[in-house]
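A look at the structure
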Amino acid sequence: DAGITQSPRHKVTETGTPVTLRCHQTENHRYMYWYRQDPGHGLRLIHYSYGVKDTDKGEVSDGYSVSRSKTEDFLLTLESATSSQTSVYFCAIRKGGDAYGYTFGSGTRLTVV
Amino acid sequence: AQSVTQPDIHITVSEGASLELRCNYSYGATPYLFWYVQSPGQGLQLLLKYFSGDTLVQGIKGFEAEFKRSQSSFNLRKPSVHWSDAAEYFCAVGALGAAGNKLTFGGGTRVLVKP
């Protein structure tokens, strides 16, 4: 989607290795979110950020950490990947003052073997 | 805590026929409600949203949804389906004033369109 880029688009990694996914925006939006998508569960919130260095947990945050050192980048790290973290990961951005005007990225498909 | 249920995992519809996707939500106050569509390999695109006012909401691509508070439902409809409507559809609820304005999604309904 325009203004939001996720990288990599696809990744295969081994159990126990660390993995970092990147979300980059060019919109200068305040809010950024990481969701994971699994069949039958829709999208579930992992972590979100409401400003540089301001982050909070979502409903499925165990095993994940995030960092936001500058407005445009929101990193999601799997400290030690497990097979249960095989999923499609979506980043979303939202402008402050626009209560629910989310824009979603195209997703990162992560496979942990 | 809010929750969303989409009872139908898959729906198959013939091209030109009408489509209705069900969504039931649970939330203690007036919800913000959304429908998103996801084409294969793509992100989510907003179809429509309900915040307040008229309970029949018009969206993009000819879709509409009706908010029924008494039934805690927000069903999505389209009078005549096109082959390009084959996709997965997600209903979501947001809580007014919730920290971060987080969305809670249903499990999704995959729509298949027969020629």
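Described in the following lines is the structure provided in the data block. (Residues numbered from 1 in each chain as written. Chains lettered and ligands numbered in written order. Predicted model: local features only at pLDDT ≥ 70, side-chain atom pairs only at ≥ 80, totals over all residues. Heavy atoms only, no water.)

**Notes on the side chain of A:Arg94**
Residues and elements named next belong to chain A. Relative to the helices and strands, Arg-94 is located in strand 9 (residues 87-94). For Arg-94, a relative accessible area of 2% corresponds to the buried category. At 2.9 Å, the side chain of Arg-94 and the side chain of Tyr-33 are in polar contact. (Helix = DSSP H or I, 4+ residues; strand = E, 2+ residues; numbered from the N terminus. Buried < 20%, exposed > 50% of the residue type's maximum accessible area, 1.4 Å probe, protein only. Polar contact = N/O pair within 3.5 Å; in protein donor to acceptor, adjacent residues only side chain to side chain.)

**Regarding the state of the cysteines**
All names here are of chain A. Summed over the entire model, instances satisfying the criterion amount to two disulfides over all chains. Put simply, Cys-23 and Cys-91 are joined by a disulfide, and their sulfur atoms are 1.9 Å apart. Looking down the S-S bond of the Cys-23 and Cys-91 bridge, the torsion is -75°, so its handedness is left-handed. In this pair, Cys-23 is assigned in strand 3 (residues 19-25) and Cys-91 in strand 9, connecting sequence segments 68 residues apart. Residue Cys-91 is classed as buried on the basis of its relative accessible area of 0%. (Disulfide = S-S within 2.5 Å.)

**Some words on the packing of aromatic side chains**
Within the structure shown, the criterion is met by 18 aromatic pairs over all chains. Directly above the ring of A:Tyr31 sits A:Arg94, whose terminal nitrogen or CZ lies 3.9 Å from the centroid. (Phe/Tyr/Trp six-rings, centres within 6.5 Å; stacked < 30°, edge-to-face > 60°. Lys NZ or Arg CZ within 6 Å of the ring centre and 35° of its normal.)

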